[in-house]
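Chain and residue survey
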Amino acid sequence: QVQLVESGGGLVQAGGSLRLSCTASGRIGSISTMGWYRQAPGKQRDLVARITSAGTTNYADSVKGRFTISRDNAKNTVYLQMNSLKPEDTAVYYCNAFARTTYSLTFTNYWGQGTQVTVSS
């Protein structure tokens, strides 16, 4: 199994910044894509940003230019630097990893427990 643990969420004022971190642990064979998703109350979970093992990134249009995703492959860690935060960014942010274990040839999605980000106006 692969476990994902997020940190860095909290309460900030509009225009402020937060940096989320997510570290994968367990019997990791390989991690392909890592990403961040968010879910606001009453809404579905949507992609915020993702990054491949080679460093290719994708962003939701709503965060492009404000958020930056990065990863440290040696540490099995993905980061989300969030700048110019807006109240509409308020949500639970979930870390995702498309990975395989050391004992499997197949990749599967793993999810963190989520971390709350609240942006006040």
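Residues numbered from 1 in each chain as written. Predicted model: local features only at pLDDT ≥ 70, side-chain atom pairs only at ≥ 80, totals over all residues. Heavy atoms only, no water.

As for the environment of T106
Rules: Counting from the N terminus, the helices are the DSSP runs of H or I reaching at least four residues and the strands are the DSSP runs of E reaching at least two. Polar contact is defined as a pair of N or O atoms within 3.5 Å, subject to the rule that within protein one atom must be able to donate a hydrogen and the other to accept it, and that residues adjacent in sequence are counted only when both atoms are side-chain atoms.
Tracing the backbone through its elements, the reader meets T106 in the loop between β9 (91-101) and β10 (108-111). For the pair T106 and C95, spaced eleven residues apart in sequence, the C-alpha to C-alpha distance is 20 Å. A polar atom in the side chain of T106 sits 2.9 Å from the side chain of S104.

Description of unusual backbone geometry
The following threshold applies: Burial here depends on accessible area, computed with a 1.4 Å probe over protein chains only, as a share of the maximum for the residue type. Under 20% is buried, over 50% is exposed, and the range in between is partly exposed.
The backbone of N76 sits at a positive phi, close to 55 degrees, despite the residue not being glycine. Checked against the element boundaries, N76 lands in the loop between β7 (67-72) and β8 (77-82). Note on N76: relative accessible area 24%, which makes it partly exposed. Positive phi, close to 50 degrees, is recorded for S84, a residue that is not glycine. As for its placement among the helices and strands, S84 is situated in the loop between β8 and β9.

Side note on the sheet that holds strand β3 (residues 18-26)
Under the convention used in this document: Strands qualify as paired when DSSP identifies two bridges or more between them. For helices, the axis comes from a line fit to the C-alpha atoms of the stretch in contact; other axes are also lines fit to C-alpha atoms, and the angle between any two N-to-C directions lies between 0 and 180 degrees.
Taken in spatial order, the four strands of this open sheet run β1-β3-β8-β7, and their pairing is antiparallel. Where the open sheet ends on each side, the last strands, each with one partner, are β1 (2-7) and β7. Here the strands of the sheet are splayed against their neighbours by 15 degrees on average, with no regard to which way each runs. Judged from the six bridges that link them, β7 and β8 form a sheet pairing that is antiparallel. Pairing of I69 across the sheet is with L80, part of β8.

A few points about the nonpolar core
Quick reminder of the rule: Here the nonpolar core consists of buried residues drawn from Ala, Val, Leu, Ile, Met, Phe, Trp, Tyr and Cys, with membership extended through side-chain atoms lying within 4.5 Å. Whether two residues touch is decided by their heavy atoms; if any such pair falls within 4.5 Å, the residues are in contact.
Formed by 30 residues in total, the largest nonpolar core has its most connected members in W36, L80, M82 and Y93. Mapped onto this core, the elements with two or more residues apiece are β1, β3, β4 (28-39), β5 (46-51), β7, β8, β9 and β11 (115-120). Of all the elements, β9 adds the most residues to this core, at five residues. Those residues in contact with Y93, other than ones at most four positions away along the chain, are E6, L20, W36, Y37, R38, V48, F67, L80, M82, G114, T115 and V117.

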